[in-house]
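Structure assessment
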Amino acid sequence: MKLDHELHQHERDICRTIEVVQSAFTKQSTATATAAEKLDSNGEELYTPPLNFSMVDNGVFRSGFPDSANFPFLKTLGLRSIVYLCPEPYPEHNMEFLKDNRIQLFQFGIEGTKEPFVNIPEDTIREALKVVLDVRNHPLLIHCKRGKHRTGCLVGCLRKIQRWCLTSIFDEYQRFAAAKARLSDQRFMELFDASGFKDIPPCPCSCSRR
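Predicted, not measured: the structure shown is a model, and the values here were computed from it.

Counting its secondary structure elements, the chain contains 7 helices and 5 strands. Going residue by residue from the N terminus, the α and β elements of the chain occur as α-β-β-α-β-α-β-α-β-α-α-α. In the chain, the proportion of contacts linking residues at least 24 apart, taken out of those at least 6 apart, comes to 65%. As displayed, the chain has an accessible area near 13,200 Å², and 54% of this comes from carbon and sulfur atoms.

Laid out in structure tokens, this is it:
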């Protein structure tokens, strides 16, 4: 009986050892698979753009809030500036990325309130537009949290300066905001007076094809 007990105990010890080794192997395999997902068939690095990333115009881009997974992609843009439209402090690891790549941060704190309590500060939008229109700040990325409302309003006002028709401005806004589109945002863009921004060349839009 004592011998049988020792044999059973020995078998249990072996099982536990095998289980630990398998777990470690699984973790290593998962890490290897994750690393492989970042490479294409030629072994080249694959990039991950931020949420809602898109090109607005030559040297101007838009997106949601970038995180560390997006940093390799952002480096390919050669950014000089970031226009950040949220009031919260910029995260430390994002600040380190900006410092390492000599990117200047312009913060315009616009509260991300929901309808019907939306108050879009026109003066802040105008100051942000001055930064966006200054080619010395290009290449430039505009972002808020999701790249929908605050970023959408700023880009929509830029389109008015570029003399886009409202139909095309709203189409672009709704493409990013989707089901979260706000009538208050569109009303703000409609009433925005772009006459104070002069000598800005128009940017082609789809108005002429409607």
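Now for the packing of aromatic side chains. Under the definition given, this model contains 8 aromatic pairs. Between the aromatic rings of F65 and Y84, the centroid separation amounts to 5.5 Å while the plane-to-plane angle is 80 degrees, which identifies the pairing as edge-to-face. With F65 in the loop between β2 (60-63) and α2 (71-77) and Y84 in strand β3 (residues 81-84), this pair connects stretches of sequence that are 19 residues apart. Ring plane angle 10 degrees and centroid distance 4.3 Å describe the contact between F71 and F97, whose orientation is recorded as stacked. Highlighted residues: F71 in helix α2 and F97 in helix α3 (residues 92-100), separated in sequence by 26 residues. Grouping residues by exposure puts F71 and F97 together as buried. Feature note: the residues F53, F61 and F73 constitute an aromatic cluster, connected by ring pairs. A cation sits over an aromatic face here: R62 above F176, 3.7 Å from the ring centre. Residue placement shows R159 over the ring face of W164; its charged tip is 4.1 Å from the ring centre.

Within the open sheet, the 5 strands sit side by side as β1-β2-β5-β3-β4. Their pairing is mixed. Edge positions in the open sheet fall to β1 (54-57) and β4 (104-107), since each of these has one partner strand only. Pairs of neighbouring strands in the sheet enclose a mean axial angle of 25 degrees, with direction left out of account. As judged from the 4 bridges shared by β3 and strand β5 (residues 140-143), these two strands associate in the parallel manner. What sits directly across from I82, in β5, is L141.

A few words now on the pairing of β2. Every second residue of β2 is oriented toward a common face, with V60 and R62 on one face and F61 and S63 on the other, all of them buried. Looking at chain direction, β1 and β2 are connected through 3 bridges and run antiparallel. Each bridged residue has a counterpart across the sheet, and for M55 the counterpart in β2 is F61. Hairpin remark: β1 followed by β2, antiparallel, with 2 residues in the connecting loop; positive phi at G59, about 80 degrees. As paired elements, β2 and β5 share 4 bridges and run parallel to each other. Among the inter-strand pairings, F61 is bridged to a residue of β5, identified as L141.

Quick look at the confidence of the model for the chain now. Regions with low pLDDT should not have their predicted coordinates read in detail. Confidence in the prediction of the chain, expressed as mean pLDDT, is 81, and 71% of residues score 70 or more. Here residues 13-36 is modelled with pLDDT under 50, and outside its nearest four sequence neighbours on either side it reaches 1 contact, counting other chains as well.

Further remarks concern the packing of helix α6 (residues 166-177) against helix α7 (residues 183-191). Between α6 and α7, whose axes approach to 11 Å, the crossing angle comes to 145 degrees. Along this stretch, α6 crosses α7, giving a crossing that reads as right-handed. Residues L166, I169, F170, Y173 and Q174 of α6 form the contact with α7, whose participating residues are D185, Q186, M189 and E190. The residue inventory of the contact of α6 with α7, partitioned by class, reads 5 nonpolar, 2 polar and 2 charged.

Basis of the calculations
- Residues numbered from 1 in each chain as written.
- Predicted model: local features only at pLDDT ≥ 70, side-chain atom pairs only at ≥ 80, totals over all residues.
- Heavy atoms only, no water.
- Helix = DSSP H or I, 4+ residues; strand = E, 2+ residues; numbered from the N terminus.
- Contact = heavy atoms within 4.5 Å.
- Areas by Shrake-Rupley, 256 points an atom, 1.4 Å probe, with all protein chains shown as cover.
- Phe/Tyr/Trp six-rings, centres within 6.5 Å; stacked < 30°, edge-to-face > 60°.
- Buried < 20%, exposed > 50% of the residue type's maximum accessible area, 1.4 Å probe, protein only.
- Lys NZ or Arg CZ within 6 Å of the ring centre and 35° of its normal.
- Pairing = 2+ DSSP bridges.
- Axes fitted to C-alpha atoms, helices over the stretch in contact; angles between N-to-C directions.
- pLDDT = per-residue confidence, 0-100.
- Left-handed = near helix turned anticlockwise from the far one by under 90°.
- Nonpolar A, V, L, I, M, F, W, Y, C, P; charged D, E, K, R; others polar.

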